[in-house]
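# Analysis of the macromolecular model
Below, each chain spelled out in residue letters.
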Amino acid sequence: MSAMREHLAQLYAELGQALLKPPEEQDAAIEYYRLFFNPLGSPCPLWQSVYEKEEGKPPQLFGDAHHRALAWYRRYGFEPSAKNEPADHLGLLLLFYAKLLADGEPAEVLEQFENDHLRWADAFVAKLKAEARHPYSQQLAQRLDENL
Amino acid sequence: MALTRRDWLKTTGAGVAAAPAALGAFEQYFQPAAAPSAAVTKAISCCGICSPACGLQATIQDGVVRFIEGLPGDAHGLGHLCGKGAASVNYLYDPDRLKYPMKRTNPRKGFNEDPGWVRISWTEALDEIAFRMKQTIDNYGREALLFVTLPSPDLWLRFMNAMGVVSRIDHRDECFQTDMVIQRYTTGGKTWCNDFENSKYILLFGWDIVAKAKIIYANGIVEARKKGAKIVHFSPNYTATSRFANEWIPVKPGSDLAIALAMIQVIISENIYNKEFVDNYTNFGRYESEIRAHFAQYTPEWAETISGVKAADIRRIAREFATNGPAIAPAHKKTLCANYMNGTQLVHAISILNILAGTIDRPGGRYFPRTHSIPGVDAVYPPPAYPAKSGRRVDGRDKLPLVNEVDAGLFSTLADGMLNKYPGMIKFAFWNAYTILAFPNPKTMEEAMKTVDFTVVMDFIPTDTVNMADIVLPSAMYLEVNDAVARDYNAKYPQTVARTAVSAPAFETRSIGWVAIELGKRLCPDYFKTPDGSWINPATLLDEKVKRAGLGENFADFRAKGIVETKQPFTPRTSFVTVSGAEGKCQIYVPQFPARGADPLPKWVPKREEPNEHYPYYYMTFIPAIHKRNTTQNMAILNEIMPTNHAIINPAMAKKHGISEGQNVLVRSRAGQIELPAHLSETVPPDVVMVAHGFGHASRALSKAGGKGVRDGDLIANPSIDDFVKAGNFGGSSCIMDAVCSIEPL
């Protein structure tokens, strides 16, 4: 089972990193920024808060999901290195999930984190699948779809 | 098919630690937690939605603003925020915010081109911008630079001055520029403050002051009414202010000037002006014969033919205004000052009414703010001499010498200058926090932007201008910066509130002041050094400003106080206009004007366009209470309340054209056409089509506002500077709703 854990930790770390780091090839990088950081509107926002409407509040950055994610990270002694960015970036969440896997956290903990922070990713992946126009993003969408 | 996480979780128990192959990436993006989590604190700051910058308190959890509310003791908000201010956390954490510097990779520009954005570092962005600016100056001279920005903050203005920028353009010709021009010569400076609460008679020309959520003004009107003041509202349409006023008097659009001129005629001919003030503090005596002769023609009967208001009512209101004081006739932004071609004349007439009422800088009148003197960067660190601004201004402002003196505008003539007067002159443009929706006829402005070789856009939300940018810079928002903000709308004694960064600048956003220093280091380093040779540091500069203004030992000390005020009795001014020849008096007749291409006394000038056989209706625009011009439509809560605009028409007009509620209509003018749903309302006269400003953002980037509604400006004909000179519009009123239109059902 530890081999499976290692495999999954590696998988989710890779997926997380793929969302955090733009590809080096220019056309793929343009696609990455078009999808996620487009100054003309990002079709696939990467942050959980944007997908979760809190009562009485519109979707926004740094919402409740950001605070809950930070609490998770801090419980394990960590916080994101980027101080002024939301902690509920899907890439960070997947990296942290990989860390939980790698550290041998029990299934209940993994499931709790999944419930808290990964279920919304279905909506993200659906957007990504619909918006992807480049082999890079189409493959990324497919890998996420298969593994989330 | 790959084994999924869910499949695996079903089969696994407590884990055994896996090999740490994945941890390299984790360590790159995470670090050991440094701070204990989730302390909830409160901090003071100032709103930035509109210019009064009401004080606010932010509730902050772990560096994130969760809630904001009014600041007790603040002279502007009086402990409250308007809906726009209260919703500004939506602004701060809008998912659409610009986050990093970005560069276009596709050289083709246009609304249908994918710019191919990629992220670049601030260093790369600033290097590129500096290179392009220098290249432009070397090849084409300083007149090839265009800066579309307010002249603030002071560090940014220093940069533009140091670079000898000729064409710095801002929106104030669509706002209160005419009043800046007029008051400089009639009262001695812009009288921001309206002492409504001590006024007994409040005369409003068009301004829907109750609905426009400047708390200090709306509150003043309410207090005045409670204390028995009479409020009279001239307005073509019935507004919240009309309902609140004692009298609503409908007028034909653009005819307020005729009423104001006739009121002056009544007050002067009946000698019912405030004799004590007029004799002692104005130039009436010196120019009495010219003044009496000039206004004699403007009888209430004459004004009735133009405005539709009965002569008896004009005469009665003039008498009440002059004798039931203290009386006040405020002139503020947009409404009055910039609506029509006769805006400058109207503002002059209104200034004279206030002078005749004798309430300039008197209780119940328009007064000059008493503020702490907060020095700018040029006072703290005196700069080397700035280079002369040599070259042509693309907006043609030099043809309006009085506007040149106040150094505002001109948005309204920029497109004409870029496309027709000086085509191809502008090679480099820097847009700071403005969208093309702000221009009369934004379509023409789009065309003008396409003629520029290199464009930088700095903003905090992705407005339509981003489409044309080569480099996009993400701006910090007003809740992310520190400053000292003087109260200058309610300022009988000085009060200053600390604007504190209640949230750290998100992502890689930066302030325009920081950009000024960084570009300054690259292009004009001598202007950005302190006397000891080090670079100017914005934090040290703010400490010094605070200290010199007497607000605290440094900014931290001032921030701890939050509000600093210096209570002192209100001593009315006895000396007013300072320009040569005024001898310290308020000027009804302005003898300096003719040499500057202006009339010494206000005269009747018609609005630019009147209904005709092709376009039989008046076109009016308005700024709805729930939005700030064209900047808040993407704020989620405000968007939910008012997401779009309509053609608001009277049921009688609807019946005549067979239009029903909600039906799409085509509204045309000589400048263009718009399609939008109709809304039927008795509040609008039967010969007016009314459309709210601020909608029709084309930018797909605005996830809430993008694509909703239409641009009111698409019906406004683009003016040229020659039109202004010809029409005697020497204060440069931008004619933001000077149009006529037709309507038909779709």
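All residue numbers here refer to positions counted from 1 along the written sequence of the relevant chain. Whichever chain is written first is A, and whichever ligand is written first is 1; the rest continue in order. In keeping with the model being predicted, local features are shown solely for residues with a pLDDT of at least 70 and side-chain atom pairs are shown and tallied solely at 80 or more, while totals for entire chains, interfaces and linings include all residues.

## Details of the sheet that holds strand β2 (residues 40–46) of chain B
All names here are of chain B. Ordered by their spatial adjacency, three strands build an open sheet running β2-β3-β4, and the pairing between neighbours is antiparallel. The two strands at the open ends of the sheet, each matched to only one other strand, are β2 and β4 (64–70). Between one strand and the next, the sheet's axes are offset by a mean angle of 30 degrees, whatever the strand orientation. The pairing of strand β3 (residues 55–61) with β4 spans six bridges and is classified as antiparallel. Two strands qualify as a pair provided DSSP detects at least 2 bridges between them. A helix here means a DSSP run of H or I that spans at least four residues, while a strand means a run of E at least two residues long, and both kinds are numbered starting from the N terminus. Each axis is a line fitted through C-alpha atoms, taken for helices only over the stretch in contact, and angles between the N-to-C directions span 0 to 180 degrees.

## With respect to the interface of chain A and chain B
Interfaces are frequently sized by the accessible area removed from exposure as the parts join. Two residues form a contact once the distance between their C-beta atoms, set from the backbone, is within 7 Å. In this assembly, 57 residues from chain A lie in contact with 59 residues from chain B. Only α1 (2–20), α2 (26–36), α4 (64–75), β1 (78–80), α5 (90–102), α6 (107–117) and α8 (135–147) of chain A provide two or more residues apiece to the side of chain A that touches chain B. In terms of residue count, the dominant contributor to the side of chain A that touches chain B is α1 of chain A (eleven residues). Of the residues assigned to the side of chain A that touches chain B, the class counts are 31 nonpolar, 14 polar and twelve charged. For β1 of chain A and strand β1 (residues 30–32) of chain B, the ladder comprises three bridges, and the chain directions are antiparallel. Each bridged residue has a counterpart across the sheet, and for Phe 78 of chain A the counterpart in β1 of chain B is Pro 32 of chain B. All amino acids are sorted into three groups, where Ala, Val, Leu, Ile, Met, Phe, Trp, Tyr, Cys and Pro are nonpolar, Asp, Glu, Lys and Arg are charged, and the leftover types, Gly among them, are polar.

## Some details on the sheet that holds strand β23 (residues 664–668) of chain B
Strand order in the closed barrel made by the six strands is β21-β25-β22-β24-β23-β26 (chain B), with mixed pairing throughout. The average undirected angle you get between the axes of adjacent strands in this sheet is 45 degrees.

## Some details on the confidence of the model for chain B
One confidence number per residue, pLDDT, is output by the predictor and ranges from 0 to 100. Looking at chain B as a whole, the pLDDT averages 92, with 96% of positions reaching at least 70. Quick note on the complex model: pTM equals 0.94, ipTM equals 0.97.

## As for the nonpolar core
Residues and elements named next belong to chain B. Each nonpolar core consists of buried Ala, Val, Leu, Ile, Met, Phe, Trp, Tyr and Cys residues. Their C-beta atoms, within 7 Å, join them into a set. Three classes are used. A residue is buried when 20 or more other C-beta atoms lie within 10 Å of its own, exposed when 12 or fewer do, and partly exposed in between, with C-beta atoms placed from the backbone. Counting residues in hydrophobic clusters, the biggest one holds 284 residues, and the most contacted among them are Ala 260, Met 263, Ile 264, Leu 353 and Val 689. Among residues more than four places away in sequence, those in contact with Ile 264 are Phe 295, Ala 349, Ile 352, Leu 353 and Leu 356. Within the second largest apolar cluster, six residues are counted, among which are Trp 192, Tyr 367, Phe 368 and Ala 491.

## Points about the packing of α1 of chain A against α8 of chain A
All names here are of chain A. Remark: α1 packs on α8, axes separated minimally by 11 Å, with the N-to-C direction vectors making an angle of 140 degrees. Taken together, the axes of α1 and α8 are oblique relative to one another. α1 and α8 meet at a crossing whose hand is left-handed. Contacts between α1 and α8 involve Leu 11, Leu 15 and Ala 18 on the former and, on the latter, Leu 140, Arg 143, Leu 144 and Asn 147. Tallied by class, the residues present in the contact of α1 with α8 amount to five nonpolar, one polar and one charged. Roughly parallel refers to an angle under 35 degrees, roughly antiparallel to one over 145, roughly perpendicular to one between 65 and 115, and oblique to any angle outside these ranges. Whether a crossing is left-handed or right-handed is set by the direction in which the near helix is turned from the far one by less than a right angle, anticlockwise for left-handed and clockwise for right-handed.

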